[in-house]
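For reference, the chains in residue letters:
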Amino acid sequence: MNFTERLGDRLLSNTRSDRVRDVAALTRRSVRSKRAMFRAEGPQNVREALRLALSDTPPPGLPGLDAVYVTEAELERHRDIAADLEAVSERGGVFIRAVTAEVLAAMTDAVTPQGMLAVCSLPSLTLDLTFARVELACVLVRVQDPGNAGTVVRAADAAGARAAAFTSGSVDPFNPKAVRSSAGSLFHVPVVTGAELAEIAAAARHHGLGILAADGYADVLVDELADAALLRFAGSAPPADAPYDLSRPTVWLFGNEAQGLTDEDKAHADVAVAVPLYGAAESLNVGTAATVCLYSSARAQRRARS
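Residues numbered from 1 in each chain as written. Predicted model: local features only at pLDDT ≥ 70, side-chain atom pairs only at ≥ 80, totals over all residues. Heavy atoms only, no water.

Draft legend 1. The arrangement of the overall build of the chain in detail. Secondary structure summary: the chain contains 14 helices and 11 strands in total. The globule rule puts the C-alpha radius of gyration for 306 residues at 19 Å, and the 21 Å found for the chain is close to it. Here the C-alpha coordinates of the chain stretch approximately 70 × 40 × 40 Å along the principal axes. Buried positions account for 51% of the 306 residues belonging to the chain. At a minimum sequence separation of 6, the contacts of the chain that also span at least 24 residues come to 83%. As displayed, the chain offers around 14200 Å² of accessible surface, 48% of which is attributable to carbon and sulfur atoms. Charge-centre separation for the chain: the mean point of 31 positive side chains lies 5 Å from the mean point of 37 negative side chains. (Helix = DSSP H or I, 4+ residues; strand = E, 2+ residues; numbered from the N terminus. Rg over C-alpha atoms; globule rule 2.2 N^0.38 Å. Buried < 20%, exposed > 50% of the residue type's maximum accessible area, 1.4 Å probe, protein only. Contact = heavy atoms within 4.5 Å. Areas by Shrake-Rupley, 256 points an atom, 1.4 Å probe, with all protein chains shown as cover. Lys, Arg positive; Asp, Glu negative; His and termini not counted. Charge placed at Lys NZ, Arg CZ, Asp CG, Glu CD.)

Draft legend 2. The packing of aromatic side chains, seen in detail. Per the stated rule, a full pass over the model turns up four aromatic pairs. Pairing Tyr 69 with Phe 95 gives two aromatic rings, centres 6.0 Å apart and planes at 50 degrees, and the pair type is tilted. With a gap of 26 residues between them, Tyr 69 in strand β2 (residues 64-70) and Phe 95 in strand β3 (residues 95-98) connect regions that are remote in the sequence. Aromatic side chains Trp 252 and Phe 254 sit 6.2 Å apart centroid to centroid with 5 degrees between the ring planes, which places their arrangement in the stacked category. When sorted by exposure, Trp 252 lands in the same class as Phe 254, which is buried. Aromatic rings pair up to connect Phe 38, Phe 174 and Phe 187 into one cluster. Positioned above the aromatic ring of Phe 95, the side-chain terminus of Arg 19 is 3.8 Å from the ring centre. (Phe/Tyr/Trp six-rings, centres within 6.5 Å; stacked < 30°, edge-to-face > 60°. Lys NZ or Arg CZ within 6 Å of the ring centre and 35° of its normal.)

Draft legend 3. The arrangement of the packing of helix α9 (residues 146-158) against helix α14 (residues 286-305) in detail. At a minimum axis separation of 9 Å, α9 and α14 run at an interaxial angle of 15 degrees. Of the possible angle classes, the one that applies to α9 and α14 is roughly parallel. Seen along the crossing, α9 lies across α14 with a hand that is right-handed. On α14, the residues that touch Asn 148, Thr 151, Val 152, Ala 155, Ala 156 and Ala 158 of α9 are Val 286, Gly 287, Ala 290, Thr 291, Leu 294 and Tyr 295. Considered class by class, the residues forming the contact of α9 with α14 number eight nonpolar, four polar and no charged. (Axes fitted to C-alpha atoms, helices over the stretch in contact; angles between N-to-C directions. Parallel < 35°, antiparallel > 145°, perpendicular 65-115°, else oblique. Left-handed = near helix turned anticlockwise from the far one by under 90°. Nonpolar A, V, L, I, M, F, W, Y, C, P; charged D, E, K, R; others polar.)

Draft legend 4. Structural context of the pattern of salt bridges. In total, this model carries 17 salt bridges according to the counting rule given. Between Glu 74 and Arg 77 there is a salt bridge, and its shortest N-O distance comes to 2.2 Å. Placement of the pair is Glu 74 and Arg 77 together in helix α5 (residues 72-77), with a separation of three residues, close to one helical turn. According to the relative accessible area criterion, Glu 74 is buried, its value standing at 9%. Residue Arg 77 is classed as exposed on the basis of its relative accessible area of 55%. Here Asp 215 makes a salt bridge to Lys 266, at a shortest N to O gap of 3.1 Å. Here Asp 215, found in the loop between β8 (210-214) and β9 (220-221), pairs with Lys 266, found in helix α13 (residues 263-266); they are 51 residues apart in sequence, far enough to count as distant. Look at Asp 215 and you get buried, because its relative accessible area is 13%. Take Lys 266: its relative accessible area is 21%, and that puts it in the partly exposed class. Here the salt bridges do not stand alone but share partners, grouping Arg 39, Glu 41, Asp 109 and Arg 180 into one network. (Salt bridge = Lys/Arg side-chain N within 4 Å of Asp/Glu carboxyl O.)

Draft legend 5. Region of interest: the side chain of Asp 157. Looking at the element boundaries, Asp 157 is found in helix α9. The side chain of Asp 157 is buried and forms no salt bridge, while Arg 162, the nearest opposite charge, is found at 4.9 Å.

Interpretation note: all reported values are geometric properties and have no functional meaning in isolation.
In structure tokens, the structure reads:
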């Protein structure tokens, strides 16, 4: 009997069981905080949670894996995940159960459940550990939309950032919608939550990081900083008034969707920087702006290391 068949022999089909209610309750922030657990839904999140659990030397500050629930149909569809599940099962310490589609639907708040989910432990991370040996990071300041939160974490991951922080008053990045939007990146990028911006800025500066504030009304454009960094790399002198070197270790601040960053927020930064709008759009979504800014730093840093 193979692993999938063994799982099928212990199928969870009762939508009213305590276990189903416990997983469903993780939709609420108060429950996630009390139990120090969150729910990660969909094949990509489960795949990355399993890979992290199978790592011999997982990086500090990332989530742990507690349980995986999967429909038999989805397990057949994703043979790589089935193989990782079997490997995790052999190691022990993770509850793994096949479930019916009805049970999975009862566990999640998603309109269209994706066939599998993991229950994971919230990471334990100090600000000092967050910014130690980090060259690129981002801070979300009172960002409210979970989709935006997950998108920024995903963009940070793609750009090679090694830390993300959410200030007090921000959406919980471990909200199920935010986790789905992150597409597995929460298992790559250490995330700290609930700190005040002043504390975050102090920790970043302690570890030698500069701070840039993304501000749509700033006089300095990210293109100008990128051009100056390219001139430095080419051996030419950048403009004398270039206010910041993008190749240095950097933390980017991204503000609330409606209000952006306040003057008090921007006072923590070395420079406020705008993404130029060449067309008729009034503004950029915070996820899009974050992608442009983070990649501008990442390109400059990679060139400087080459």
